[in-house]
Amino acid sequence: MQFRQGWRGAGVAVLSFNVKERQQNMHENEPENKNFVSDFVTLGIKAVKYFSLILIVFVIPNIAYTIIVILNTFKTRLGKYEILYMILTLIAAVLCIIEACYVTYIFLLKSASKKVYGYISPVIEKLCGTISKEMIQDKDSSILGKRYDFSAYVINGYNESYQKKIPGFVKICIRFIVKKIPFADIIYHISIDPSVQNEEEIKNSLYTQINEYVSKKFFGKASLKWLIAVLLLNIVFHLTLYILLGRI
């Protein structure tokens with residue numbers, strides 16, 4: 001194998017779909033675009049449901065409890081322990097709300113990423129084909145693509161292929177997936193694998209390894225178990241502060 005041209009050519013080439021192919025994709029992918037809308041409406045409803053849960057379980061109780069503590073502090077004597085209790089209660093409430101929102105956001109992002117990958121996998125496959133051509137022409141393994149924003153290539157490639165602008169949250173999902181794929185490591189290991197000789201073998205190996213990595217990384221069962229842990233910590237924090245400082 002000989003690796004010879006710059007990787008920028010790989011990124012540009014994968015986006016160079018001709019007009020005929022674009023028109024063909026528009027017709028072929030019409031049902032898929034409908035599924036796309038349906039999938040993300042479902043995910044939107046799911047997001048509203050879970051963040052409503054966060055509002056009810058974390059935000060409202062923490063804000064209400066903090067307000068009660070502040071009001072009670074100002075009603076009684078305002079000593080150093082009372083002020084410390086008030087400040088620590090506020091900090092604990094804010095941290096628990098932020099952590100609960102973050103855990104829920106990552107859960108929803110992973111759930112959405114499973115759906116998104118199904119739509120971008122044809123673009124990933126085209127990218128693998130272009131990279132395989134470059135790998136045949138240039139065997140300089142120091143050129144591994146770390147300098148290039150593959151997520152931008154995939155987003156632009158999707159736009160070109162489907163003739164549809166990607167919603168902001170979907171772009172976040174694409175970047176979340178693509179930036180975690182170790183393109184450089186995969187490309188390097190393929191480049192030193194003596195069993196992979198021609199362009200088609202390189203493309204298949206690259207695409208297979210990317211799929212395997214994404215499947216292990218993102219397609220496991222998403223869980224909100226950490227949310228239960230955050231809730232328990234929330235209760236323990238406030239209870240501990242009340243025992244240590246609130247009754248002084």
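Heads up: the structure comes first, above all this text.
Cut-offs applied
Residues numbered from 1 in each chain as written. Predicted model: local features only at pLDDT ≥ 70, side-chain atom pairs only at ≥ 80, totals over all residues. Heavy atoms only, no water. Phe/Tyr/Trp six-rings, centres within 6.5 Å; stacked < 30°, edge-to-face > 60°. Helix = DSSP H or I, 4+ residues; strand = E, 2+ residues; numbered from the N terminus. Buried < 20%, exposed > 50% of the residue type's maximum accessible area, 1.4 Å probe, protein only. Lys NZ or Arg CZ within 6 Å of the ring centre and 35° of its normal. Axes fitted to C-alpha atoms, helices over the stretch in contact; angles between N-to-C directions. Parallel < 35°, antiparallel > 145°, perpendicular 65-115°, else oblique. Contact = heavy atoms within 4.5 Å. Left-handed = near helix turned anticlockwise from the far one by under 90°. Nonpolar A, V, L, I, M, F, W, Y, C, P; charged D, E, K, R; others polar. Expected span 1.5 Å × (residues − 1). Bend = angle between axes of the 7 residues up to and from the residue.

Draft legend 1. Focus on the packing of aromatic side chains. Going through the model one piece at a time under the given rule, you end up with one aromatic pair. Considering the side-chain rings of Tyr 50 and Phe 107, the 5.2 Å spacing of their centres and the 75° angle between planes classify their relative orientation as edge-to-face. Here the residue Tyr 50 occupies a position in helix H3 (residues 30–75), and Phe 107 occupies one in helix H4 (residues 80–137), the gap between them amounting to 57 residues. What makes Phe 107 buried here is its relative accessible area of 8%. A cation sits over an aromatic face here: Lys 49 above Tyr 50, 5.3 Å from the ring centre.

Draft legend 2. Region of interest: the packing of H4 against helix H6 (residues 168–178). At their nearest, the axes of H4 and H6 sit 8 Å apart, and the two run at 85° to each other. The orientation of H4 with respect to H6, classified from their angle, is roughly perpendicular. Packed against H4, whose contacting residues are Tyr 105, Leu 109, Lys 110, Ala 112, Ser 113, Val 116, Tyr 117 and Ile 120, the element H6 presents Phe 169, Val 170, Ile 172, Cys 173, Ile 174, Phe 176 and Ile 177 at the interface.

Draft legend 3. Region of interest: the packing of H4 against helix H8 (residues 199–218). Axis separation between H4 and H8 bottoms out at 8 Å; the angle between their running directions is 155°. The orientation of H4 with respect to H8, classified from their angle, is roughly antiparallel. Crossing hand, H4 versus H8: right-handed. A class-by-class count of the residues in the contact of H4 with H8 yields twelve nonpolar, four polar and six charged.

Draft legend 4. View of the environment of Glu 125. With respect to the helices, strands and loops of the structure, Glu 125 is situated in helix H4. On the basis of relative accessible area, Glu 125 is assigned to the partly exposed category, the value being 32%. Through-space distance from the C-alpha of Glu 125 to that of Leu 206 is 8.8 Å; in sequence the pair is 81 residues apart. If we ignore the near neighbours within four places in the chain, the residues touching Glu 125 are Lys 203 and Tyr 207.

Draft legend 5. Here's a closer look at H4. With 58 residues, H4 extends only 72 Å from end C-alpha to end C-alpha; this falls clearly short of the ideal 86 Å at 1.5 Å per step. Largest kink in H4: about 50°, centred on Ile 120, with the proline Pro 122 one to four residues after it.

Shape descriptors only; they carry no functional weight alone.
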